[in-house]
Amino acid sequence: MAVPAGMNGTTRKREPHWPVSLGVYAVLFLFGAVQGLIGSFQYSRASWSVPVAALICCAVILATCVLAAWATRSVSGAVLPGIGWILASFLLSMPVSNGSVIITSTKAGEWYLYGGTLSVAAGVVASFVAMARWAGRR
């Protein structure tokens, strides 16, 4: 009768998984930063007076945070794309020495920055609640 490995006194050598995890988290951070970079140049597209692109960017970063947490089964999966988005967006909202600004203080700019930040926070909180519920079921 065949006995599964580990049950017959032998142990399998486990390979370290931290390089793969580190790579996944780095890609998630960069994905959030790229979303912030693209959104910083596209946020001002509007339909009438509604900042449609800013609202879409907020929904996309929220979905990214929630889905990344689900895929990695950790809250860090939601935090890292959020940090990347916040760093890219807020760095591009700062004025440069010649006085130009990429994200202006218009209604669309405020919806993009504040709505996106609230979306990141909501994604992190939602992933934290989901992980706590999942851990409670175990």
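Residues numbered from 1 in each chain as written. Predicted model: local features only at pLDDT ≥ 70, side-chain atom pairs only at ≥ 80, totals over all residues. Heavy atoms only, no water.

This part covers the side chain of serine 93. Mapped onto the elements of the fold, serine 93 is located in helix H3 (residues 76-93). Look past the residues within four positions of serine 93 in its chain and what remains in contact with it is Val101, Ile103 and Leu113. (Helix = DSSP H or I, 4+ residues; strand = E, 2+ residues; numbered from the N terminus. Contact = heavy atoms within 4.5 Å.)

What follows is about helix H1 (residues 18-42). An ideal rise of 1.5 Å per residue puts 36 Å on 25 residues; H1 measures up with 36 Å between its terminal C-alpha atoms. For H1, every residue scored as buried is listed here: Leu28, Gly32, Ala33, Gln35, Gly36, Gly39 and Ser40. Tucked into the core, H1 has its buried residues touching helix H2 (52-72), H3 and helix H4 (107-137). (Expected span 1.5 Å × (residues − 1). Buried < 20%, exposed > 50% of the residue type's maximum accessible area, 1.4 Å probe, protein only.)

Moving on, we get to the side chain of serine 89. Relative to the assigned elements, serine 89 resides in helix H3. Relative accessible area serves as the criterion here: at 0%, serine 89 is assigned to the buried category. Within the local environment of serine 89, its side chain forms a polar contact with the side chain of tyrosine 112, the two groups lying 2.9 Å apart. (Polar contact = N/O pair within 3.5 Å; in protein donor to acceptor, adjacent residues only side chain to side chain.)

Summed over all chains, the structure comprises two aromatic pairs. Through pairs of rings, three or more aromatic residues link up here, namely Tyr43, Trp85 and Tyr112. (Phe/Tyr/Trp six-rings, centres within 6.5 Å; stacked < 30°, edge-to-face > 60°.)

Here we come to a nonpolar patch on the surface. A surface patch of nonpolar side chains, about 490 Å² in accessible area, is lined by Val50, Val52, Leu55, Ile56, Val60 and Trp111. With four residues, H2 is the largest single contributor of residues to the nonpolar patch. Take leucine 55: it is sitting in helix H2. Leucine 55 gets classed as partly exposed once you look at its relative accessible area, which sits at 35%. (Patch = residues over 30% accessible without salt bridge, like charges linked within 9 Å, V, L, I, M, F, W, Y side chains within 5 Å. Areas by Shrake-Rupley, 256 points an atom, 1.4 Å probe, with all protein chains shown as cover. Salt bridge = Lys/Arg side-chain N within 4 Å of Asp/Glu carboxyl O.)

Take it as geometry only, folks, not as evidence of what the structure does.
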